Amino acid sequence: MVQELTRSQVSTPDSTTFPASAPAAYPVFYRTYSRKNDGVRESWPEVVDRTVAGLVKLGNLTPEEGELIRRNQSQLHALTSGRWLWIGGTAWSENPKNFSGAYNCTSTNADDWRAFGLMMDLAMMGCGTGAVLEPCYIDKLPAIRNPIDLTVEPDLGVTPVDQRREETQVTIDAHHVTIKVGDSRQGWVASYQTLLELSSDDRFTGPIHVTVNLHDVRPAGEALKGFGGVANPVKLPEMYQKCVGLLNKAVGRQLNSVECCLLIDEAAVTIVAGNIRRSAGIRQFSDADALGGSAKDNLWQQDDNGNWRIDPERDALRMANHTRVYHHKPSIEEMTAAVRKQFYSGEGAIQYAPEAIARSNADLLSEPILKQEFLEVYTSLGREEAKGWLRQRYPAMPEDELEHRFQRYGLNPCGK
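Residues numbered from 1 in each chain as written. Predicted model: local features only at pLDDT ≥ 70, side-chain atom pairs only at ≥ 80, totals over all residues. Heavy atoms only, no water.

So, the side chain of Ser184
So, step 1. Considering the arrangement of structural elements, one finds Ser184 in the loop between β7 (176–180) and α8 (185–198).
So, step 2. Only 2.6 Å separates the side chain of Ser184 from the backbone oxygen of Glu166, close enough to count as a polar contact. (Helix = DSSP H or I, 4+ residues; strand = E, 2+ residues; numbered from the N terminus. Polar contact = N/O pair within 3.5 Å; in protein donor to acceptor, adjacent residues only side chain to side chain.)

Focus on the pattern of salt bridges
Between side chains of opposite charge, pairing is possible as soon as their charged atoms come close.
So, step 1. A full pass over the atoms with the stated rule returns 30 salt bridges.
So, step 2. The partner of Arg164 in a salt bridge is Asp183, with the nearest N and O atoms 3.9 Å apart. With Arg164 in the loop between β5 (148–153) and β6 (169–173) and Asp183 in the loop between β7 and α8, this residue pair connects regions lying 19 residues apart in the sequence.
So, step 3. Judged by relative accessible area, which is 10%, Asp183 ranks as buried.
So, step 4. Residue Glu238 is joined to Lys242 by a salt bridge in which the shortest nitrogen-to-oxygen separation is 3.2 Å. Residue Glu238 and its partner Lys242 are located together in helix α9 (residues 236–249), separated by four residues, close to a single helical turn. (Salt bridge = Lys/Arg side-chain N within 4 Å of Asp/Glu carboxyl O. Buried < 20%, exposed > 50% of the residue type's maximum accessible area, 1.4 Å probe, protein only.)

Concerning the nonpolar core
So, step 1. Core analysis: the biggest nonpolar cluster contains 51 residues, and Phe116, Met120, Leu133, Tyr192, Val210, Tyr240 and Leu263 have the highest contact counts within it.
So, step 2. Contributing elements (two or more residues each) for this core: α6 (113–124), β5, β7, α8, β8 (208–213), α9 and α10 (257–273).
So, step 3. In terms of residue count, the dominant contributor to this core is α10 (eight residues).
So, step 4. Not counting residues up to four positions away in its chain, the partners in contact with Leu133 are Ala110, Ile138, Ser257, Cys260, Cys261, Ile264, Arg283, Gln284 and Phe285. (Core = buried A, V, L, I, M, F, W, Y, C linked by side-chain atoms within 4.5 Å. Contact = heavy atoms within 4.5 Å.)

Some details on the environment of Leu141
So, step 1. Inspection of the secondary structure assignment puts Leu141 in the loop between α7 (135–138) and β5.
So, step 2. Taking the C-alpha atoms as reference points, Leu141 and Leu291, 150 residues apart in sequence, are found 18 Å from one another.

Side note on the packing of helix α14 (residues 368–381) against helix α15 (residues 383–393)
So, step 1. Contact geometry of α14 with α15 gives a least axis separation of 6 Å together with a crossing angle of 145°. Where α14 approaches α15, its residues Leu370, Glu373, Phe374, Val377, Tyr378 and Leu381 are matched on the opposing element by Arg383, Glu385, Ala386, Trp389 and Arg393. (Axes fitted to C-alpha atoms, helices over the stretch in contact; angles between N-to-C directions.)

Observations concerning the sheet that holds strand β13 (residues 349–352)
So, step 1. Taken in spatial order, the five strands of this open sheet run β3-β4-β9-β12-β13, and their pairing is parallel. Two strands in the sheet have a free side with no partner beyond their single neighbour: β3 (105–109) and β13. Going from strand to strand, the sheet's axes swing by 25° on average, the running direction of each strand aside.
So, step 2. As paired strands, strand β4 (residues 128–132) and strand β9 (residues 281–286) are joined by four bridges and run parallel to one another. Each residue of the ladder has a partner; that of Thr129, found in β9, is Gly281.
So, step 3. Where α6 meets the sheet, it contacts β3 and β4, and its direction lies at approximately 170° from that of β3. (Pairing = 2+ DSSP bridges.)

Topic: helix α3 (residues 44–59)
Helical geometry note: an α-helix holds 3.6 residues per turn, so side chains three or four residues apart project in the same direction.
So, step 1. Over its 16 residues, α3 extends 22 Å from the first C-alpha to the last, a length consistent with the 22 Å expected when each residue adds 1.5 Å.
So, step 2. Of the residues making up α3, those classed as buried are Trp44, Pro45, Val47, Val48, Asp49, Arg50, Thr51, Val52, Gly54 and Val56. (Expected span 1.5 Å × (residues − 1).)

Quick look at the sheet that holds β8
So, step 1. Spatial ordering of the open sheet is given by β5-β8-β7-β6, a layout of four strands whose pairing is mixed. Unpaired on one side and paired on the other, β5 and β6 mark the two borders of the sheet. Ignoring strand direction, the axes of neighbouring strands in this sheet form an average angle of 15°.

What about the confidence of the model for the chain?
So, step 1. Model confidence for the chain is summarised by a mean pLDDT of 90, while 93% of its residues fall at 70 or above.
So, step 2. Overall, residues 1–13 carries pLDDT values under 50, and its contacts beyond four positions in sequence, including any with other chains, amount to 30 contacts. (pLDDT = per-residue confidence, 0-100.)

A word on the packing of aromatic side chains
So, step 1. Using the criterion set out here, one finds 15 aromatic pairs in the structure.
So, step 2. Judged by centre distance (5.5 Å) and plane angle (65°), the rings of Phe18 and Phe29 are edge-to-face. With Phe18 in the loop between α1 (7–10) and α2 (25–32) and Phe29 in helix α2, the pair connects residues that are eleven residues apart, well separated along the chain.
So, step 3. The buried category is assigned to Phe29, whose relative accessible area is 3%.
So, step 4. Judged by centre distance (5.9 Å) and plane angle (55°), the ring pair of Phe374 and Trp389 falls under tilted. Remark: Trp389 occurs in helix α15 and Phe374 occurs in helix α14; sequence separation between them is 15 residues.
So, step 5. An aromatic cluster of three or more residues is present, and its members are Phe18, Tyr26, Phe29, Tyr30 and Trp44.
So, step 6. Arg35 extends its terminal NZ or CZ atom over the ring of Trp86, reaching a point 4.6 Å from the ring centre. (Phe/Tyr/Trp six-rings, centres within 6.5 Å; stacked < 30°, edge-to-face > 60°. Lys NZ or Arg CZ within 6 Å of the ring centre and 35° of its normal.)

Structure follows, in structure tokens:
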């Protein structure tokens, strides 16, 4: 049986105010973590009540364990994740389709169109999104074959509230496709993913005429009753146009890593504008990917009059950190170049994947000598040989688990 704390068990916190040494605490708290109930913002004690009670229910914790968490959180000694501070203990968070909203960060291999839709879905729940854009993944994406002629009907919210569809409706009539966007997180995601899928759909030959209808999407300022906050789809029409522009430039070939990055980031721009959360993303490129490694170079440019402007075609790249993944040990020259680039631009992060994989498999590489041997095999012989080395020691391990363990450098970007 789940042990739930009552309000009396989690109330009367040890601290009801933030320290004077943190003058920004109240603005940040009320902007980011205090939910509005019946027009009234939660206080810090109320957020402690809500989030601790949610953890007790989720983890089937004892009253003593709940009290330990409550005391440390109320005294600001240890806090739950930022995402849990926002959605923990709400009815929204208890819906299984929303469980990812409790996570600060996620990672996805960009190897099919569903992965792009998943990243938008995660971002709309407030998660930071990681995308691994190495060739072993993006080379699995289909080639772009269909030019798209796009029309966006941007009149948001003209459909009466009680008649709005939540699910996106897609209608195909020969080479004409209508996407009627649903008024929900899933509706936005489905419309975005559908547009990407149309670009490679082999049911079509020649250009596809696509109409995106936004009449059912609630306008800016309307409340989001489940997740909280208010809607702000100001960038939604532009997202479709930007994505189609990227796809049309790639007709006849596969997308490169930076184009994949931009497709993800155009969705991120839309979501950040919608007040879901700050921009939080990481894009992991191969160390040999010169295009990815220089994607943000000269992002800001100066015209003849000395005015600075950002390259509009690459503006969305600001939505995420760019990291190059090394599957071999970087040389001192490579390390120096990366640090120098970080000093001048803030970019140039690198990751030593074998170390990240070893740390995230500490349950198997529990002894220093095992970790060292693993790193030597990986760096000298390669990834597949390192998998074989681990398979010999754990022959009963399923192949899908073994593969997952070797993909954990996306989940654990240590060594940067």
